[in-house]
Protein chains: 2
Amino acid sequence: MKAFGALLLLSLIYVSSCHESVDSRFDSGSLPRPLLVESRKKVKISEDVALHCNSWRFAVEANNLSPWKTIPRECRDYVDDYMNGKAYKSDLERVSKEAILYARTVELKGDGKDIWVFDVDETLLSNLPYYARHGYGLEIFDDVAFDKWVDKGTAKAIKPSLKLYEELLKLGFKVFLLTGRTERRRDITVENLTKVGFHDWEKLILRGAEDKGKPATQFKSEKRGQMVKQGYRIHGSSGDQWSDLLGSPMSVRSFKLPNPMYYIA
Amino acid sequence: MKAFGALLLLSLIYVSSCHESVDSRFDSGSLPRPLLVESRKKVKISEDVALHCNSWRFAVEANNLSPWKTIPRECRDYVDDYMNGKAYKSDLERVSKEAILYARTVELKGDGKDIWVFDVDETLLSNLPYYARHGYGLEIFDDVAFDKWVDKGTAKAIKPSLKLYEELLKLGFKVFLLTGRTERRRDITVENLTKVGFHDWEKLILRGAEDKGKPATQFKSEKRGQMVKQGYRIHGSSGDQWSDLLGSPMSVRSFKLPNPMYYIA
């Protein structure tokens, strides 16, 4: 019984320290912190579930699914593991690397009209701490709670995207940011982006009053259409949603970042 | 030494029986055979290589790579394992299931103009035996050798696609087949498709003399354009290449089947 008591005590200490580390990771935003937390508890995922959830994730990333509101219940731990383990980081790095390789082959005219379009959430900024507290996409999206998180302005940079971003500026591209966030969140978005290292963008386009209710594909295509009308050449586009990338006009090359947590039509 | 001799003998028997099973799997085509061979030797793939090749495959399937001619050398065993293990089959089944779910929601007008477009190779027919003999995409594509394989007419059906195909016909869709194979291979293509269960398609469109040299995206978009001009409504499109799916006009919904073995621009 003594041994059992000691074990119980140790377990309780372990659980409470876990909670503490989780909370401190999510709530304080002033100190630099790694985007990915490698040292969290490993959940055992069975081979069958992994196979099934892998196929689901492939279907997500290849845009084979109908619009979906939540991740499959049985894939919650799988998504947790994917997002917080090595795989998400590795996938992000690969996309960034491919985009850089392509960007270096583009011949710029030097008239300031060669551009690259970035989405913001899950493309430049990571909302992983928010989604970690909401089941990694298992809960139906709650815009009020999400906006509260956004208003903290503590989202971290997605490092491989920051690397691409800096390389593009060095190469002479102009950078456009095109986000589904609304104009009301312009200031906090600028503050958050700047704080984590993004700078010198040409334009930050948010949803205005006239864009309310438009599907993302339509809103973003219209904005790309305006860029093209203004003489810009969209060589590359980076986004974690297909609605960032599809629709007319499209960028010459599109780069789909991984995101198995949510879907925006 | 006796034990060593016996071990050696056993190894040789094992190796020769492996070769035999591989050859018989590839060369004779008259008996029904499973597409996926589960019982082959397992190659040990390190965690690092798996992580790296997974990210590469994600980049392939999300269309993030520049046109590529061969798979990464270090991913050869990974691709072998993916194609011959459970993952490819599971991924194919998921895509088929999603396509069927969508197809059932489409309201058909009943005028014979509601259609679905299928690619052929790696969409309806599997050339896995050919690619298995050519390093799963590690060797540069050899059109002469590939045409010889096609001329055998022994490609197996991709079963999940056959299921979708049959469901579409039942629902009342007309089916168009649109392939990069040339008109010279019309007869063998019809023979092969029919033999493995595909039937009653509305039209089989192959590359004609006028399509020579056109990139696949252009060729297939032009053909979809002609369908639309003729009053057809393209509700769905299935293909293993993004060049089967992208370009204008696009299908209402597109379904990307997995293919980590080759890329067609």
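Worth saying up front: this structure is predicted, and the values here are computed from it rather than measured.

(A) Structural detail: unusual backbone geometry. In this structure, the amide linkage connecting S248 of chain A to the following residue, P249 of chain A, adopts the cis form with an omega of 0°. Within the secondary structure, P249 of chain A is located in the loop between β6 (233-239) and β7 (253-256). Located in the positive-phi region is Y136 of chain A, a residue other than glycine, with phi close to 55°. Following the sequence through the fold, Y136 of chain A ends up in the loop between α5 (128-132) and α6 (143-152). Of note in the backbone geometry, N63 of chain B takes a positive phi value of approximately 60° without being a glycine. Relative to the assigned elements, N63 of chain B resides in the loop between α2 (47-61) and α3 (76-84).

(B) Region of interest: helix α3 (residues 76-84) of chain A. Regarding α3 of chain A, the residues found buried are Y78, V79, D80, Y82, M83 and N84 of chain A. In this fold, the buried residues of α3 of chain A make contact with α2 (47-61), α4 (86-103) and α5 of chain A.

(C) Just the state of the cysteines, in detail. Residue and element names in this part refer to chain A. Inspection of the entire model under this criterion finds 2 disulfides over all chains. Shown here is the disulfide that connects C53 with C75, its sulfur atoms set 2.1 Å apart. Here the disulfide of C53 and C75 is left-handed, its torsion about the S-S bond being about -90°. Placement of C53 in helix α2 and of C75 in the loop between α2 and α3 is noted, with a sequence separation of 22 residues between them. Note on accessibility: C53 and C75 belong to one class, buried.

(D) A look at empty space enclosed by the protein. The final tally for this structure, using the stated rule, is 8 cavities of 30 Å³ or more. The calculated volume of the largest cavity comes to roughly 120 Å³. Lining of the largest cavity is provided by N54, R57, F58 and E61 of chain A together with N54, R57, F58 and E61 of chain B. Listing elements by their share of the lining of the largest cavity, those giving two or more residues are α2 of chain A together with α2 of chain B. Each residue belonging to the lining of the largest cavity can be placed in one class, and the counts come to 2 nonpolar, 2 polar and 4 charged.

(E) Looking closely at the interface of chain B and chain A. Taken together, the 29 residues of chain B in the interface contact 29 residues of chain A. Counting the surface chain B buries against chain A, the share from its top three residues, F58, N64 and R94 of chain B, is 26%. Seen at the junction of chain B and chain A, the total is 2 salt bridges. K86 of chain B is the partner of E47 of chain A in a salt bridge, and the nearest nitrogen-oxygen pair spans 4.0 Å. Summed over the shared surface of chain B and chain A, the result is 11 residue pairs in polar contact (both at pLDDT 80 or more). Mapped onto the side of chain B that touches chain A, the elements with two or more residues apiece are α2, α4 (86-105) and β7 (253-256) of chain B. In terms of residue count, the dominant contributor to the side of chain B that touches chain A is α2 of chain B (9 residues). Of the residues that constitute the side of chain B that touches chain A, the class distribution is 13 nonpolar, 8 polar and 8 charged.

Calculation rules
Residues numbered from 1 in each chain as written. Chains lettered and ligands numbered in written order. Predicted model: local features only at pLDDT ≥ 70, side-chain atom pairs only at ≥ 80, totals over all residues. Heavy atoms only, no water. Helix = DSSP H or I, 4+ residues; strand = E, 2+ residues; numbered from the N terminus. Buried < 20%, exposed > 50% of the residue type's maximum accessible area, 1.4 Å probe, protein only. Contact = heavy atoms within 4.5 Å. Disulfide = S-S within 2.5 Å. 1 Å grid on protein atoms, 1.4 Å probe; cavity = no way out; pocket = protein on both sides within 12 Å on 5 of 7 lines; lining within 4 Å. Points joined across faces, edges and corners; volume = space filled by probe spheres on them. Nonpolar A, V, L, I, M, F, W, Y, C, P; charged D, E, K, R; others polar. Buried area = accessible area lost by both parts, 1.4 Å probe. Salt bridge = Lys/Arg side-chain N within 4 Å of Asp/Glu carboxyl O. Polar contact = N/O pair within 3.5 Å; in protein donor to acceptor, adjacent residues only side chain to side chain.

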